Structures are given as structure tokens and as C-alpha cells.
Amino acid sequence: MSKDKGMDVRKALEERIEEVNTLLMEYLPKEEGFQKNLLCAMNYSCMGPGKRLRPIFMNETYKLFGGKGRVIRPFMAAIEMIHSYSLVHDDLPAMDNDEYRRGRKTTHVVYGEAGAILAGDALLNYAYETALKAFDEEPDNKGIVRALKVLSEKTGIYGMTGGQSVDVELTGQPLNRETLDFIYALKTGALIEASMTVGAILAGAGEADIDRIGKGAKAVGLAFQIQDDILDVIGDAKVIGKPTLSDEKNDKTTYVTFEGIEKAKTDVARLSEEAADIFASYSGKDTFLKDLVLMLINREK
Ligand code: GRG
């Protein structure tokens, strides 16, 4: 990607991040009432400076298949709420015990452990309350029920939570490659798969296309997690917004443990290019999704 093109994609990404932030503020709860502390903790967790990749992936896929309505908006907010809840719980002392996330103190450091557990629970539940608002936008869109099914399955025991559970259970023990692949596909991949699949479904894409988008999303998810492993070893904590070398600290076997840094980097590029080819085959004039995936090969945070 040329320097100018890279700048254009970065600028387009910044604009989209701002759009998602505005949308999130619209859907997140007002900080009032007896449970105000909980609502503040939810908003603090969600409104930290994240990259908003999952809602952006969702909306770009929706647009790729001609989606033009508002039905996607509650789902975009919902997936970022789910992602934020997973980060809050992942950072807890009982899991990774991290004090920094998105360049700020983690939720349990600011709101206490009980506050962070409840904020995570509340964000997960509120995500579904929010996604259900899609029926207010397009009551006759047959894709909404299927999109809810995908979102809930990919978040649950056969998706992100299932992957996280195996990850936590086996931390500190030697992992074989098959188990690592399982953890990555579920813990990180499932939510990215949900983002793109939901976008395609809500836009009314056909079965074969939904399937192909799912395959592209799986490749993006794996590339994303491998890059996360790489950044944990060679990244800059100030840029990432959290300390590096946490895998070593937590005695975690990662993709880098198996393949080494250089092969891991090559695999990130290969997987991203595979996915970009799939997205490019649908993109017409708007190549942002493809460009974004290619740009993420070199992401530093
Ligand atoms: C607690 C059920 C449960 C699940 C946690 C997301 C997750 C599962 C764990 C986080 C561990 C981790 C660092 C995974 C690597 C990939 C990943 C999800 C990174 C964070 O996502 P980004 O980079 O974060 O999109 P931002 O802050 O930009 O939103």
C-alpha cells in the first residue's frame, strides 16, 4: 500500500471511528438513577479509545451487500458493548489482572472488582436489549432474528466465552497446536465472524456469500490475534495502551511460541491478503474494507 493510500485509509478509519463513537453515545444508558454507578462503569468501559473495528467491520460488510438502512445501527452498538464487556472481564484480577487498557486504568481499578463484574454483566445484557431495537427500525426485516442468533452463538459457549474458558483453564500449561487454533478461532475469531456475518445477513446477502464472508472474517480474526501476540512481544506499550510481555508474565503459549516472530508476521500478511481478496471481489468502487484489512497487517495497536 502506498504512503498516500495508507493516509487515505487511516483518515477514512478515523471518520468511521468517530461515527461509531457518536452512535455508541446514543445507545449507551444515561448516567442517572440509583444504579448510576453501574451505568457510569458501563460507559467508562465502552467509551475508552478503542479502535471500534467490530462495528466498522459490520457496517462495511452491510454496505458491501447494498445495505442502506438504519437496522444495522443497534447491532453495531451491541457488538461493541459485547466486545467491551469481554475486555472488562478479561482484565479482572481472576483473569489477566491488567491495570491498563485502551491507555486508561481498567474498569476494576476505577470501579472496584464487583463494579467491573457488574459492568461487564450489564454490558452483555444491554447489548441484547440494544440489538432488539433493530425491530423498531425494520420490523419486517427477516434477517434480524438470524442476526440475533449469530450474535448470541458467536458470543457464547460455542464462541468467544467457550474459547476464553479453554484459554483460562490451560494458562500455564503446554498447549498443542490444535488447542491453540481452537482458542484463537473462538476467543478472538468468533466475534469478528459475527460482525461481518451479521452485516451480510442484515443486508440480505445470499447463503453462498454469507458463507464466503464468514471465511474471510475467520482469516481476519486469526490474523488479528496473531498480530496481538506479535505486539505483545515487540510492540510499544505506550502505543498499545497496555503493558507488553503479558503473555510471558502469564506463562501463555501463543502463535509466536510455535512459529517465531518472522513466520508469524508472514502469516498475518498471508491471512489478511486472503481475506482482502474475498472482500475485494464484492467491493466495487468502495474498497475501504479490503484496504482496512490490508492496513491492519501493520497495525501497532
Ligand atoms: C471474558 C468471556 C470473556 C472473553 C474475553 C476479548 C477476549 C475474550 C479477551 C481479550 C484478550 C485479548 C487481548 C485478545 C486479543 C485480541 C483482542 C480481542 C484484542 C482486543 O481487541 P481490539 O484490539 O481492542 O480490537 P480495542 O481496544 O481497540 O477495542
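Small disclaimer: the values here were computed from a predicted structure and weren't measured. (Residues numbered from 1 in each chain as written. Predicted model: local features only at pLDDT ≥ 70, side-chain atom pairs only at ≥ 80, totals over all residues. Heavy atoms only, no water.)

K.L.:
What is the right way to read a nonpolar patch on the surface from this model?
P.N.:
A cluster of nonpolar side chains, Val233, Ile234 and Leu245, forms an exposed patch at the surface whose accessible area comes to about 250 Å². Structurally, the position occupied by isoleucine 234 is in helix α10 (residues 207-234). (Patch = residues over 30% accessible without salt bridge, like charges linked within 9 Å, V, L, I, M, F, W, Y side chains within 5 Å. Areas by Shrake-Rupley, 256 points an atom, 1.4 Å probe, with all protein chains shown as cover. Salt bridge = Lys/Arg side-chain N within 4 Å of Asp/Glu carboxyl O. Helix = DSSP H or I, 4+ residues; strand = E, 2+ residues; numbered from the N terminus.)

K.L.:
Where do I start with the pattern of salt bridges in this structure?
P.N.:
Two side chains carrying opposite charge are able to pair once their charged atoms lie near each other. In this structure the tally under the stated criterion is 26 salt bridges. Here arginine 101 and aspartate 91 are joined by a salt bridge, their closest N and O atoms 2.8 Å apart. Within this pair, whereas arginine 101 is found in strand β1 (residues 100-101), its partner aspartate 91 is found in helix α4 (residues 72-91), the two being separated by ten residues in sequence. Grouping residues by exposure puts arginine 101 and aspartate 91 together as buried. Among the salt bridges present, the one from aspartate 181 reaches arginine 177, with a minimum N-O distance of 3.2 Å. With aspartate 181 and arginine 177 both in helix α9 (residues 177-202) and four residues apart, this pair spans about one turn of that helix. (Buried < 20%, exposed > 50% of the residue type's maximum accessible area, 1.4 Å probe, protein only.)

K.L.:
Before we go on, may I ask you to explain the nonpolar core in this structure?
P.N.:
In summary, soluble globular proteins display a tendency toward joint burial of nonpolar side chains. Phe57, Phe75, Met81, Leu202, Phe279 and Leu292 are the most contacted members of the largest nonpolar core, which totals 83 residues. Sequence-distant contacts of leucine 292, defined by excluding residues within four places in its chain, comprise Val9, Leu13, Leu53, Ile56 and Phe57. (Core = buried A, V, L, I, M, F, W, Y, C linked by side-chain atoms within 4.5 Å. Contact = heavy atoms within 4.5 Å.)

K.L.:
What exactly am I supposed to notice about the environment of glycine 172 here?
P.N.:
Here glycine 172 shows up in the loop between α8 (160-170) and α9. With a relative accessible area of 40%, glycine 172 lands in the partly exposed category. Considered as a pair, glycine 172 and threonine 253 are 81 residues apart in the sequence and their alpha carbons are 7.8 Å apart.

K.L.:
Whenever I open this one, the site of the ligand confuses me. Can you help?
P.N.:
As a structural note, the neighbourhood of the ligand is formed by 19 residues, with Lys51, Arg54, His83, Arg102 and Gln225 the closest of them. Within the side chain of arginine 54, a nitrogen or oxygen atom sits 2.8 Å from an oxygen atom of the ligand. Burial of the ligand by the protein chains amounts to 93% of its free accessible area of 700 Å². Those elements that place two or more of their residues in the shell around the ligand are α4, α8, α9 and α10. Ranked by the residues each element gives to the shell around the ligand, the list is headed by α4, at six residues. Here the shell around the ligand is built from residues that sort into four nonpolar, eight polar and seven charged. (Near = heavy atom within 4 Å. Polar contact = N/O pair within 3.5 Å; in protein donor to acceptor, adjacent residues only side chain to side chain. Nonpolar A, V, L, I, M, F, W, Y, C, P; charged D, E, K, R; others polar.)

K.L.:
Can you help me understand the side chain of threonine 197 in this one?
P.N.:
As for its position among the elements, threonine 197 is in helix α9. For threonine 197, a relative accessible area of 11% corresponds to the buried category. Contact partners of threonine 197, with chain neighbours within four places excluded, come to Val150, Ile210, Ile213 and Gly214.

These figures come from the coordinates and say nothing about function on their own.
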